[in-house]
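In case you want the letters, here they are:
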Amino acid sequence: MLTNRRSTLMVPGAINGRPASYQPGTAASPTLSSLKPESEPHCTAAAILTSTMSSLPGYRVARVLGAVFGSTTYALKDTKALLKASAAGAEVKTLTHIMYNAREQASDRMTRDCVARGANAVVGLAFEEKEVLGFVQVSVCGTAVYVEREKVPQNPFSPE
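Just so it is clear, the model here is predicted, and its values are computed rather than measured. (Residues numbered from 1 in each chain as written. Predicted model: local features only at pLDDT ≥ 70, side-chain atom pairs only at ≥ 80, totals over all residues. Heavy atoms only, no water.)

## A closer look at the overall build of the protein
As a reminder, the rule being used: Counting from the N terminus, the helices are DSSP H or I runs at least four residues long and the strands are E runs at least two residues long. Throughout this description, buried means an accessible area under 20% of the type-specific maximum (1.4 Å probe, protein chains only), exposed means over 50%, and partly exposed covers the range between. When checking whether two residues touch, look at their non-hydrogen atoms; a contact exists if any pair is within 4.5 Å. Calculation of accessible area relied on Shrake-Rupley with a 1.4 Å probe; when residues are assessed, cover is drawn exclusively from the protein chains displayed.
The helix and strand inventory of the protein stands at three helices and seven strands. Out of the 160 residues in the protein, the part that is buried amounts to 24%. Taking the contacts inside the protein whose residues are at least 6 apart along the sequence as the reference set, 75% of them involve residues at least 24 apart. For the protein, the accessible area works out to roughly 10800 Å², and carbon and sulfur atoms hold 56% of it.

Have a look at this one:
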């Protein structure tokens, strides 16, 4: 999985990276924070390349800068509402929001560690989520690397 963590093309309702309400010629262009719906979970971590694979297609690893980590722990507050929603077979939206926020905070901490080391990408990204004594713990780890774009190979069918 290869992602650019600040892609605006993933914003709901966006057309070619712009919101459906975009009007050409307006003074202020929309920002990522103005596009996110407040009622839905969203990602706002810094823009670095991340991959669950050990490499990034189209990039060459120039330097390996070490392991980077991020973690956070959230308390489950309204357990009665969680149990009621789960018994009804519906999505537990408060838990969904808690998990998105915890994942986002753990990713942000890992990204800060990565950037502080001088890296521009993380490979081998892995998430771990678990519940401990009524708390949700989310951990993320990966390898911080500095990558460079590979040279675009010339057409092998062109005459030399």
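After presenting the structure, the write-up continues.
## Comments concerning the pattern of salt bridges
Keep this limit in mind: Salt bridges are defined by distance alone: a side-chain nitrogen of Lys or Arg within 4 Å of a carboxyl oxygen of Asp or Glu.
Taken as a whole, this structure holds five salt bridges when the rule is applied. The salt bridge involving Asp113 is made with Arg117; its shortest N-O contact spans 3.2 Å. Here Arg117 falls in the partly exposed class, since its relative accessible area comes to 37%. Between Glu128 and Lys130 there is a salt bridge, with its nearest N and O atoms 3.8 Å apart. A relative accessible area of 44% means that Glu128 is categorised as partly exposed. With relative accessibility at 40%, the residue Lys130 sits in the partly exposed group.

## Things to note about helix α3 (residues 93-116)
Here is the rule we go by: Each helix should span, by expectation, one fewer than its residue count multiplied by 1.5 Å.
The end-to-end C-alpha separation of α3 is 34 Å, in line with the 34 Å expected for 24 residues at 1.5 Å each. Taken together, the buried positions of α3 are Ile98, Met99, Ala102, Glu104, Ala106, Ser107, Met110, Thr111 and Cys114. Directly after α3, the chain includes Gly118, whose backbone phi takes a positive value near 90°.

## With respect to the nonpolar core
Filter applied, for reference: Here, nonpolar core refers to any group of buried Ala, Val, Leu, Ile, Met, Phe, Trp, Tyr and Cys residues whose side-chain atoms link them within 4.5 Å.
Val68, Met110, Cys114, Val122 and Val138 are the most contacted members of the largest nonpolar core, which totals 14 residues. Those elements that provide at least two residues to this core are α3, β6 (121-132) and β7 (135-149). With five residues, α3 is the largest single contributor of residues to this core. Those residues in contact with Val138 that sit more than four places away from it in its chain are Gly70, Ser71, Thr72, Met99, Ala102, Arg103, Ala106, Phe127, Glu128 and Glu129. In terms of nonpolar packing, the next biggest core, distinct from the first, is built from seven residues, Leu49, Leu56, Tyr59 and Ala121 among them.

## A look at the confidence of the model for the protein
Reading predicted coordinates in detail is not appropriate for stretches of low pLDDT. Short version of the rule: pLDDT expresses, on a scale from 0 to 100, how confident the predictor is about each individual residue.
Across the protein, the average pLDDT comes to 75, with 62% of residues at or above 70. Confidence scores differ between elements of the protein, with helix α1 (residues 32-35) showing the lowest mean pLDDT of 45 and β7 the highest of 93. The model gives residues 7-12 a pLDDT under 50, and that stretch makes seven contacts with residues more than four places away or in other chains. Long-range and interchain partners of residues 29-37, a stretch whose pLDDT sits below 50, account for 12 contacts in this model, where long-range means more than four residues apart.

## Regarding the pairing of β6
The condition that has to hold: Should DSSP find at least two bridges between two strands, the strands are regarded as paired.
Where strand β4 (residues 49-51) lies against β6, two bridges are found, and the strand directions are parallel. The partner of Leu49 across the bridge, within β6, is Ala121. The sheet contact formed by β6 and β7 spans 10 bridges and is antiparallel. In the strand pairing of β7, Val122 is matched with Ala144.

## Description of the packing of aromatic side chains
This is how it is decided: Here is the rule: rings of Phe, Tyr and Trp (six-membered ring for Trp) pair when centre to centre is within 6.5 Å. Planes less than 30 degrees apart are stacked, more than 60 are edge-to-face, and the remainder are tilted. Geometrically, a charge over a ring is one whose NZ (Lys) or CZ (Arg) sits within 6 Å of the ring centre while staying within 35 degrees of the ring normal.
Applying the stated criterion across every chain yields a total of zero aromatic pairs. Above the face of the Tyr100 ring, Arg103 is positioned so that its terminal group lies 5.2 Å from the ring centre.

## Observations regarding the environment of Ala62
Its location among the elements puts Ala62 in strand β5 (residues 59-75). Separated by 84 residues in the primary sequence, Ala62 and Tyr146 have C-alpha atoms spaced 5.6 Å apart. Residues in contact with Ala62, not counting those within four places in the same chain, are Tyr146, Val147 and Glu148.

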